[in-house]
Amino acid sequence: MNNITITQMERKHLDSLVELEKICFSQPWSYKSLEEELTNDTAYFYVALKDNEVVGYIGLYIVCESCFITNVAVFPQYRNQGIATALIRRAFLAATSHGTDFISLEVRKSNTTAISLYETLQFEEMGIRKNYYRNPPEDALIMTRLFTKES
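Quick notes on the rules
One numbering rule holds for all chains: residues counted from 1, following each sequence as written. Local features in this predicted model are restricted to residues whose pLDDT is 70 or higher, and side-chain atom pairs enter the listing and the counts only when it is 80 or higher, whereas totals over whole chains, interfaces and linings include all residues. The side-chain figures draw on all heavy atoms in the structure; neither hydrogens nor water molecules are used. We count a stretch as a helix when DSSP gives it H or I for four or more residues in a row; a strand needs E for two or more, and each element gets its number in order from the N terminus. Only protein chains enter the accessibility calculation, which uses a 1.4 Å probe. A residue is then buried if its area is under 20% of the maximum for its type, exposed if over 50%, and partly exposed in between. Two residues qualify as a contact provided that any one of their heavy atoms is within 4.5 Å of a heavy atom in the partner residue. Following DSSP output, two strands are said to pair if at least two bridges run between them. Think of each axis as a best-fit line through the C-alpha atoms, taken over the contacting stretch in the case of a helix, with angles from 0 to 180 degrees between the N-to-C directions.

Give a detailed account of the environment of Tyr78, specifying residues and quantitative values.
The residue Tyr78 is located in the loop between strand E4 (66-74) and helix H3 (83-97) in this model. Accessibility expressed as a relative area gives 22% for Tyr78, which makes it partly exposed. A C-alpha to C-alpha distance of 11 Å links Tyr78 and Ile4, two positions 74 residues apart in sequence. For Tyr78, the residues in contact, after removing those within four places along its chain, are Lys50, Val55 and Ile83.

Quick look at the structure:
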């Protein structure tokens, strides 16, 4: 991961994130939706930068002792370089620093590449959301990583 830095999302990143959303998701977040997260006290969005250009991002919500990942996305030309792993590890840091018990996400059942990544990061399948996705319709796997509390 040469020259990759992870930082908090800022307004200047939004145009790139909208482009990335359109590439990665059948129902992409809009500029306005992403912009609203800048002032959401429960939202923690981080971007991966290479030479000051956005190459990926992760969004999560931390509420009480729970953490939910909304999106993880990396531009196709930067995949398989450890960027998604680094973004998820940054999410772990945010979650544990807020005292959360777990971090959870939904993933398309057919997205075996993402599922494999999540499993290497100790996420486990905890359930299924039937017909969660549209365009095309598909079930979502609920994957969760529990954090152990040090006594």
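I'd love a proper account of the sheet that holds E4, names of residues and values included.
A sheet is described by the order of its strands in space; here seven strands give the open sequence E1-E2-E3-E4-E5-E7-E6, paired in mixed fashion. Two strands close off the open sheet at either side, each with one partner strand: strand E1 (4-8) and strand E6 (124-133). For this sheet the average axis-to-axis angle between neighbouring strands, irrespective of direction, equals 25°. In this sheet, strand E7 (residues 138-146) lies alongside E6 in antiparallel orientation, the contact comprising six bridges. Of the residues in E7, the one forming a bridge with Ile128 is Leu141. Across the sheet, H3 is in contact with E1, strand E2 (43-50), strand E3 (53-63), E4, strand E5 (102-108) and E7; its angle to E3 comes to roughly 30°. Against the sheet, helix H4 (residues 112-120) touches E4, E5 and E7, its axis set at about 165° to E5.

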